[in-house]
Amino acid sequence: MSFRIRLLLPLLALFVVAVGYPLAFSFYISLTNYKITNRFDVKFSGLDRYADALHDSAYWSALTVTFTFVLIAVFLELALGLCIALALQRQKRVRDFTRSFLLSPMFITPIAVGLMFRFLLNQQLGVIPTLLSRFGISYDFFGPGRAFFSIVLIDVWQWTPFMVLLLLAGLESLPRQPFEAARIDGASTFYTFRRVTLPMLSSVLVVAILIRGLDALKVFEYVYAITRGGPGTETQTIQYYVYNTGITFFRLASASAMAYGLLAVVMFLVILLFRRVERARRS
Amino acid sequence: MNRSFIRQVLVASSVVAALTITAACSGGSTSTKPLSSPSGNGDVAKTVSGDVHVLMEGVPDTDIVKGLLPEFNKVYPNVHVSIESLVYDQIRDKIVASFTAPKATYNLAIIDNPWMGDFAKAGFLKPLDAYVKTTPGYEYQDFAQPLRDIGTVNGKIYGVPFYNYGLGLIYRKDQMPQPPRTLADLAAQAAKLNTPSEAGIAMQPQRGYKAFEEWGNYLFAAGGSIYGSDGKVHLNTPEAKTALNTYTKMYNASAPTNSPNWAFDGALRSVSSGKSAMMVSSNWMLPTLNKKGGPAGALTGKFELAPMPGDKQVLGLWDWAVPANSETSDADWAFISWLTSKAGEKQRVIAGGAPTRNSVLTDTEVAQKGFGAGYYSTVGKILANSSPLCRGANCDEMIQAVGTELNAAIAGKKSVDDALTAAETQANKIQSS
Amino acid sequence: MKAPTRGDADGSGLVSHGPWAILGKLLIAAGFVVVAMPLLWVLLGSFKTGAQLNDPTVLTFTPTLENWNTVVSSGILTAAGRSVIVGVITVTLSVLVGSMGAYSISRYKTGGSATRFGILAAQVLPPAVLVFPFLALAYDFQLNDTLAAVIAAHLSFVLPVVCWFLIGFFDAVPIALEEQAMIDGLGRFAAFRKVVIPQVAPGVGAAAIFGFVLSWNDLFYALILAPGNSATLPVRIAGFNTFRGVELGAMCAAILVSVVPVLTATFFVQRRLVRGISGGAVKF
């Protein structure tokens, strides 16, 4: 066996066990009427579960909620993260402490962050609503029309540091010469940023958006800890909906089909992205 | 697309296909047939031995049961009961995992009433009829009728009552000398007591279970019911519409501001700190509120419990059950029968537990050492005419679906008619699948 | 040639004076406040009693240690220890196996773009679907409610991420280095081990830290696969969400138990993290 295959084999083996088998099993389940409460009475039902999912308005609503969430949250995190990364890069003093402090939210386990904010923003117990009411503002953070944005804010609080990390790494790896040249040519800070920094940073930006976006699709803990999908179905993200369907309502076959539907949509988007980047790289 | 890419895709697809076939063959190969047959004899010998491991919720009644274990061991010295306590959310998934395992992690279980239908149908639980019939002095009929109905599925007994959480109206007797007797009365009283510093009524319209649980009482008060005589869910009725309209109006007029997501603790906090005048809550919250050193602080002792207007309430119940894959059935039943016997329950209720037996509710010693005859007689009234939210299969999902629609109506996102129609359609679809 | 602008002594083009610099400093200060406030609230809350926590307007109070007692005796440190074990084993396996595989994919283009896609796909599937096969397998091997089951499940999302990063790092290593080593007489694997690996070591460190954080943060798999005796830290923290509402004081103490060690660790680790990632992972 050739060298390269031998190198790849352990990885392949682990992949099959840890990823491949569960994936295949879920695919099999999605073609049946599997429920946790009828494990020994499983009947093959072809693409029925997929058809059910397509006709389920809650499924589409969950997808919409999730994708909207990802778009808004990742955009905010990118914008804020870039600004903070630029600012951190310039900082000369107390660098280590500042950086580790500002990066800390991403290392806190998300359920803890969710519970923390649940009570920070709680109408009766929370410090923030109390402060706001001192200024005469009565804002129900988890009320109708608002819970979604509160969840976005919590995500931004926790994951902007992640973006900062990636972008900072990217910024520090950029070569100095173009900046030298720009400075010598008398370019303004903004011009330098737009014409020099951003283009060189583009591949980093793509990776950051990709990784954070894929992760944001899985948002679950905040919904689980605080809103449980409510009010109505405003914060019912796809991960939470699939969890509810499969684990709470026992309907694993439907849950698997829904998850595969999500996978199809995302892979489609990712392939598009890949193609575009490949094309850009070749040109 | 070039040939190399096509070749890679073919390789990948055949790998996936191979794995899928393997998965299909191996899935469902574990069988969980019960390994030992129970004696079925309820008169369990005092020398029976076993390690009984049970998962319970972290609630007051669990602590009380833990406290009673030494007494139990005086009668059955060789049965070791270990109680693990967890949050509600985590219990069901864990016991389901135990039920479906080759070897039971929990060989005794407590089952919440919405799960009873599904678990019994799935074969997770052992029928207890033989035990119940042959236990001397057990008097199964002593349990309130609605409670017995919950534990009986398809004519067989799968669970015996542990503690109830039927709902009632908890209010301040210093602010409202007489409890309301009709739904309209309730709305009027709440509006009257509603002031800028104190809301008329703390409501719990949280999407899902809580909304349905609370609103169910309003439905009953309006003379309605959840199921029709054909066994199907009927919510598109005039009574339901009245109930939902009243509920929504009361929420807008007399509930605390910004409380559309409130559940149990939101309402409790509000009432115990004097920010609301009343709430619909579990009947055993009354002793907690009136307890010295409890959450009510300065308001301790000022609360009273009354049946809901219309005298029909929503019922919640936890049952004891023996898992099908338990290997210690006799020891399990020894514990269950001791704890839920007349004497056992009396001890539990005196220690503060929520009652389920009629004899205990009318026992003078219990009244004396417990929370007073008035409280127990009210609880007795509540239990006698109460009904759970759901019967049959897929209850968790049905309750979620109805509760979601109700919450949408309360939040003003759907009209009352639309919400009730949608709730009815979905509930029937879910329960028939 | 112009003299360097004041404050731009290293010629990096970055100035630390002027309007943008001030904006930058303000932003960092704001960041501090935003990050610190919830953490401060949690810190104070861990010393408050239940009654004090119920009232958000309390400003001064006498601290109590009862929450800390509750938390320490609730086994949260053991749970944290289990999280560490799971994370370390998962990451070690991922790095060992992943580095070899990633090298093969990067250097020899094994499997072409299909392998790269496959790795990406593995990160996208919602855990809710993968968990039941893991549960079924765990029962079949009598591994339910053990850390082994959690480790296997964590591998499913840590392995792809680590591989992804490592492929990027290996891509950035110039092939000339290995060619030189082989001319000097080293075999292929020795060249890989002795020449290439040291080049990507900081990157491997960064990927390891990433993978560890992913495993450390996971609630979902741990909740379902090891909810009882082998509970990890997130599961324990979720357990404070009790029937009586959240036990706020104890929850605050528990959160701090999970945050403080991490904060300390990031202090030492962040420089390496930044350097490691910038070394090549973030190129596409």
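From a predicted model like this one, the values you see are computed outputs, not experimental measurements. (Residues numbered from 1 in each chain as written. Chains lettered and ligands numbered in written order. Predicted model: local features only at pLDDT ≥ 70, side-chain atom pairs only at ≥ 80, totals over all residues.)

Draft legend 1. Highlighting the environment of Ala-427 of chain B. All names here are of chain B. Here Ala-427 shows up in helix α18 (residues 416-432). Given 26 C-beta atoms within a 10 Å radius, Ala-427 is considered buried. C-alpha of Ala-427 to C-alpha of Arg-148: the two residues are 279 residues apart in sequence and 24 Å apart in space. Excluding its chain neighbours within four sequence positions, the residues that come into contact with Ala-427 are Val-233, Met-398, Ala-401 and Val-402. (Helix = DSSP H or I, 4+ residues; strand = E, 2+ residues; numbered from the N terminus. Buried ≥ 20, exposed ≤ 12 C-beta atoms within 10 Å, placed from the backbone. Contact = placed C-beta atoms within 7 Å.)

Draft legend 2. Quick peek at the sheet that holds strand β1 (residues 50-57) of chain B. Residue and element names in this part refer to chain B. With mixed pairing, five strands are arranged side by side in an open sheet as β2-β1-β3-β11-β6. The open sheet has two edge strands, β2 (79-86) and β6 (160-164), and neither has a second partner. On average, each strand axis in the sheet is inclined to that of its neighbour by 25°, with strand direction left out of account. As paired elements, strand β3 (residues 108-112) and strand β11 (residues 317-321) share four bridges and run antiparallel to each other. Residue pairing for β11: Asp-112 is matched across the bridge by Trp-318. Of the strands in this sheet, β1, β2 and β3 touch helix α3 (residues 88-99), which is tilted by about 140° from β1. (Pairing = 2+ DSSP bridges. Axes fitted to C-alpha atoms, helices over the stretch in contact; angles between N-to-C directions.)

Draft legend 3. Quick peek at the interface of chain A and chain C. Contacts between chain A and chain C engage 91 residues on the former and 78 residues on the latter. In terms of residues, the side of chain A that touches chain C owes the most to one element, helix α1 (residues 3-30) of chain A, which gives 16 residues. Here the side of chain A that touches chain C is built from residues that sort into 63 nonpolar, 17 polar and eleven charged. (Nonpolar A, V, L, I, M, F, W, Y, C, P; charged D, E, K, R; others polar.)

Draft legend 4. Here's a closer look at the domain arrangement of chain C. Residue and element names in this part refer to chain C. Assigned domains of chain C: these are domain 1 (19-67) and domain 2 (74-281). If you average the C-alpha positions of domain 1 and of domain 2, the two centres end up 31 Å apart. Each side of the interface is counted separately: domain 1 has ten residues, and domain 2 has eight residues. A per-element tally of the side of domain 1 that touches domain 2 places helix α1 (residues 19-45) first, with four residues. Taken together, the residues that form the side of domain 1 that touches domain 2 break down as four nonpolar, five polar and one charged. (Domains from an automatic or database assignment.)

Draft legend 5. Representation of the sheet that holds strand β9 (residues 303-306) of chain B in the model. Residues and elements named next belong to chain B. Here three strands make up an open sheet; going across it, the order is β8-β7-β9 and the pairing antiparallel. Each of the sheet's edge strands pairs with one partner strand only, and the pair in question is β8 (278-282) and β9. Going across the sheet, the axis of each strand differs from the next one's by a mean of 35°, ignoring polarity. Sheet topology note: the strand β7 (residues 167-172)/β8 ladder contains five bridges and is antiparallel. Opposite Gly-168, over in β8, you have Ser-281 as the bridge partner.

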